[in-house]
Amino acid sequence: MPVTAVLILAAGTFAIRFAGPLLRDRVTLPDRVREIISASATVLLLALVAVSALTNGKQFGGWALALGVVVGGLAAWRKLPFVVVIVLAAATTAGLRLLGVG
């Protein structure tokens, strides 16, 4: 990525982060809009997790990786400690790959 693009993205990110506290008291959003924004943030995060966790380059990462992500997600949902979530997901993926699951 060219340095110019990185600098433009950095400036835009800074401007958005800086505008939040400045506009907090001036702009009021209806409750419905707040709910939609909250839900859309969750959906975007889940989409990012799915794409980055289930793919290897431009192709499907395999069923072992997918099941490892599911186990990690269930462990996080059960509010287990972060280290336990990571170890369970990694152990599941590694174990299934050891057994020959693609």
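Residues numbered from 1 in each chain as written. Predicted model: local features only at pLDDT ≥ 70, side-chain atom pairs only at ≥ 80, totals over all residues. Heavy atoms only, no water.

- Within an unreviewed UniProt entry, the label attached to the protein reads Branched-chain amino acid transport protein (AzlD), and the organism entered is Lentzea jiangxiensis.

## What to know about the overall build of the protein
- Counting secondary structure elements, the protein contains four helices and two strands.
- Each helix (α) and strand (β) of the protein, taken in turn from the N terminus, gives the series α-α-β-β-α-α.
- Relative to the compact-globule value of 13 Å for 102 residues, the protein shows a C-alpha radius of gyration of 19 Å, a clear excess of over 25%.
- Overall, the protein is about 60 × 40 × 25 Å in size when its C-alpha atoms are taken along their principal axes.
- In the protein, which comprises 102 residues, the proportion classed as buried is 13%.
- Contacts in the protein between residues at least 24 apart in sequence constitute 44% of all its contacts with a sequence separation of at least 6. (Helix = DSSP H or I, 4+ residues; strand = E, 2+ residues; numbered from the N terminus. Rg over C-alpha atoms; globule rule 2.2 N^0.38 Å. Buried < 20%, exposed > 50% of the residue type's maximum accessible area, 1.4 Å probe, protein only. Contact = heavy atoms within 4.5 Å.)

## Notes on the UniProt feature "transmembrane region" (unreviewed entry) in the protein
- UniProt tags residues 35-53, 60-77 and 83-100 as "transmembrane region" (unreviewed entry).
- Helix makes up 100% of residues 35-53 and strand 0%. Its end C-alpha atoms lie 27 Å apart.
- Between the first and last C-alpha atoms of residues 83-100 the distance is 26 Å; the span itself is 89% helix and 0% strand. (UniProt positions renumbered as here; feature names shortened; annotations may be inferred.)

## Re the pattern of salt bridges
- Across all of its chains, the model carries one salt bridge by this definition.
- With its nearest N and O atoms 3.6 Å apart, the salt bridge here joins arginine 32 to glutamate 35. On the criterion of helical spacing, the pair formed by arginine 32 and glutamate 35 is a turn pair, its members being three residues apart in helix H2 (residues 31-54). (Salt bridge = Lys/Arg side-chain N within 4 Å of Asp/Glu carboxyl O.)

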